[in-house]
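# Observations on the three-dimensional arrangement
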Amino acid sequence: MSQFRFARISLILAAIGLNAAPAMLGMTAVHAEEKAAPAPEAPKDTVRPEIFKLIDPAQIKDLMAAKNYTEVMNRVDQSAAMPNLTPFEAFVLNQMRVQVGSATSNNALMLPALEAMIESGRLAPKDKMSFLEATGNTYYTAKDFDKAITWFTRFQTESGDLTKVRPQLLRAYFFKNDYATVKTEVLKDVAAAEKAGIAPTSDELALLGNVGIKSKDNALYLQAVEYLVKYYPTEAYWFDLLNRTRGKPNYNQRFDLDVLRMKQVVVPGRMEADDYADLAGLALLGGFYTEAKNALDKGFAAGQMGTGADAAKHKKLRDQANKGAADDAKNIGSGEASAAKSKDGVGLVNLGYAYVTMGQFDHGLELMNKGIAKGVLKNPDDAKLRLGYAYVMAGRKDEGLKTLETVTGNDGRGDLARYWTMWAKNPSAPAAAAAK
């Protein structure tokens with residue numbers, strides 16, 4: 001999860017012009033001849049001489065520079081003990097408590113003073129917002145997430161800015177284990193972003209995935225990964241998405257070959273020996289000998305196959321694929337007539353896809369379309385799914401996207417249609433991200 005850097009209170013103080021020693025606005029000297037006269041009521045923004053003597057800016061500056069924070073706080077405490085502090089005097093003393101608390105990482109000293117400054121009414125609106133944000137950030141870093149939420153929420157309410165502290169607010173809910181709120185709020189942000197035609201932030205999508213993990217909500221986790229694949233595709237995200245799709249409750253194993261086909265196209269660098277062997281084995285069962293041969297050739301070339309305990313098994317599989325592919329190269333055309341005469345179009349669809357695996361895209365796609373037009377009796381949308389991604393693999397993206405839009409199903413078919421659609425719209429993203 002992304003980490004956030006929070007503004008330190010000292011930077012906020014500097015931003016509003018409160019330096020190491022507070023400025024005594026309106027301070028005037030008291031002459032000896034005036035001492036006998038009754039003291040007039042102190043103006044609003046002055047500090048009485050007896051307090052000024054304790055917190056003389058020049059002396060405080062030297063003490064702070066020398067890190068003599070104990071002496072600074074002694075002077076602050078002596079000043080605070082004087083009767084009838086004016087609001088301005090209290091404000092100045094709180095300012096000094098914040099400075100010392102910030103310098104010594106003493107939140108117990110700093111936070112009450114910071115909150116008092118916020119409530120004083122003496123901060124300009126812009127400075128008040130900075131203090132509200134800083135207070136929320138300080139509670140956040142102190143892991144007091146309830147108070148962080150209170151102050152971040154107040155910042156949003158008073159500033160009208162719903163985005164600036166949004167990441168910290170959501171993470172505060174996350175770290176206090178309020179996963180339901182995080183899920184609701186992040187999904188709300190994602191919907192708003194998509195409606196506006198912009199990408200949701202990767203941090204929020206990653207947070208959504210973490211909510212899925214923490215709450216053991218696998219469906220939510222997969223939803224988050226799918227969003228990440230859609231907007232921030234990488235090989236890692238694609239690999240995770242394709243592998244976990246096979247574990248969905250409603251997933252039907254008849255799509256195992258389709259998943260492996262996509263995995264080979266989208267994340268070829270992550271294919272392992274079992275992937276190549278499974279793809280080849282399923283392709284052989286379906287009569288797609290050239291597809292099996294191509295997969296095994298890649299596996300052997302990558303050094304993934306032909307060694308170790310399964311070497312003999314791999315060689316046997318490869319021999320079978322090579323023989324079938326050689327036969328297809330000579331005789332595949334002889335099956336077209338019988339497939340065309342069949343009442344069910346599935347034969348034409350499968351034969352067409354076999355041509356696609358042999359690189360004869362145009363003829364293969366033509367046969368697949370004829371088969372679908374004839375009618376596929378069992379799972380007709382499976383044929384449309386394969387036609388859709390065959391178009392994509394042939395480079396005919398627009399036709400592929402149009403076909404994939406018609407494919408639905410909650411058993412893995414609809415998922416694969418969406419995945420091929422996302423990849424078709426940004427096919428180079430995984431490789432580019434991996435290179436980066």
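Residues numbered from 1 in each chain as written. Predicted model: local features only at pLDDT ≥ 70, side-chain atom pairs only at ≥ 80, totals over all residues. Heavy atoms only, no water.

Over its 13 residues, helix α23 (residues 413-425) extends 19 Å from the first C-alpha to the last, a length consistent with the 18 Å expected when each residue adds 1.5 Å. Within α23, 11 of the 13 residues are buried, which leaves it mostly tucked inside the rest of the structure. Arg413, Gly414, Asp415, Leu416, Ala417, Tyr419, Trp420, Thr421, Met422, Trp423 and Ala424 are the residues of α23 that are buried. (Helix = DSSP H or I, 4+ residues; strand = E, 2+ residues; numbered from the N terminus. Expected span 1.5 Å × (residues − 1). Buried < 20%, exposed > 50% of the residue type's maximum accessible area, 1.4 Å probe, protein only.)

Okay, the packing of helix α3 (residues 57-65) against helix α4 (residues 69-80) next. For any two helices packed against each other, the geometry is given by the interaxial angle and the distance between the axes. Relative to each other, α3 and α4 sit at 145 degrees, their axes nearing to 8 Å. Contacts from Gln59, Ile60, Leu63 and Met64 of α3 reach α4 at Tyr69, Glu71, Val72 and Arg75. (Axes fitted to C-alpha atoms, helices over the stretch in contact; angles between N-to-C directions. Contact = heavy atoms within 4.5 Å.)

Glycine aside, residues mostly have negative phi, and peptide bonds are mostly found in the trans state. With a phi angle near 60 degrees, lysine 67 is a residue other than glycine that sits in the positive phi range. You can see lysine 67 is positioned in the loop between α3 and α4. Located in the positive-phi region is lysine 143, a residue other than glycine, with phi close to 65 degrees. Assignment of secondary structure puts lysine 143 in the loop between α7 (125-141) and α8 (145-159).

What follows deals with the packing of aromatic side chains. Using the criterion set out here, one finds 10 aromatic pairs in the structure. Taken together, a centroid distance of 5.6 Å and an interplanar angle of 85 degrees make the contact between phenylalanine 288 and tyrosine 353 edge-to-face. One end of the pair, phenylalanine 288, is in the loop between α15 (273-286) and α16 (289-301); the other, tyrosine 353, is in helix α19 (residues 346-357), with 65 residues separating them in the sequence. The exposure class of phenylalanine 288 is buried, given its relative accessible area of 7%. Given the relative accessible area of 3%, tyrosine 353 is considered buried. (Phe/Tyr/Trp six-rings, centres within 6.5 Å; stacked < 30°, edge-to-face > 60°.)

Moving on to the side chain of serine 79. Its location among the elements puts serine 79 in helix α4. Relative accessible area serves as the criterion here: at 0%, serine 79 is assigned to the buried category. A distance of 2.9 Å separates a polar atom in the side chain of serine 79 from the backbone oxygen of arginine 75. When neighbours within four sequence positions are excluded, serine 79 is seen to be in contact with Ile51, Leu54, Ile55, Leu85 and Leu93. (Polar contact = N/O pair within 3.5 Å; in protein donor to acceptor, adjacent residues only side chain to side chain.)

Here the focus is the nonpolar core. Counting 60 residues, the largest nonpolar core has Trp238, Leu241, Met262, Leu385 and Tyr419 as the members making the most contacts within it. When sequence neighbours within four positions are dropped, the list of residues in contact with methionine 262 reads Trp238, Leu242, Val267, Leu416, Tyr419, Trp420 and Trp423. Grouped together as the second largest cluster of nonpolar side chains are 38 residues, Val98, Leu170, Ala172 and Leu208 included. (Core = buried A, V, L, I, M, F, W, Y, C linked by side-chain atoms within 4.5 Å.)

A cluster of acidic side chains, namely Glu272, Asp274, Asp278 and Asp310, defines a negative patch on the protein surface. Turning to its location among the elements, aspartate 310 is positioned in the loop between α16 and α17 (311-331). (Patch = residues over 30% accessible without salt bridge, like charges linked within 9 Å, V, L, I, M, F, W, Y side chains within 5 Å. Areas by Shrake-Rupley, 256 points an atom, 1.4 Å probe, with all protein chains shown as cover. Salt bridge = Lys/Arg side-chain N within 4 Å of Asp/Glu carboxyl O. Lys, Arg positive; Asp, Glu negative; His and termini not counted. Charge placed at Lys NZ, Arg CZ, Asp CG, Glu CD.)

Before going further, it helps to spend a moment on the pattern of salt bridges. Tallied over the entire structure, the rule returns 34 salt bridges. One salt bridge connects glutamate 119 with arginine 154, and the closest N-O pair in it is separated by 2.7 Å. One end of the pair, glutamate 119, is in helix α6 (residues 107-119); the other, arginine 154, is in helix α8, with 35 residues separating them in the sequence. Exposure remark for arginine 154: the relative accessible area of 21% places this residue in the partly exposed category. Here lysine 188 and glutamate 185 are joined by a salt bridge, their closest N and O atoms 3.2 Å apart. On the criterion of helical spacing, the pair formed by lysine 188 and glutamate 185 is a turn pair, its members being three residues apart in helix α10 (residues 179-196). Taking the relative accessible area as the measure of exposure, lysine 188 reaches 46% and is therefore partly exposed.

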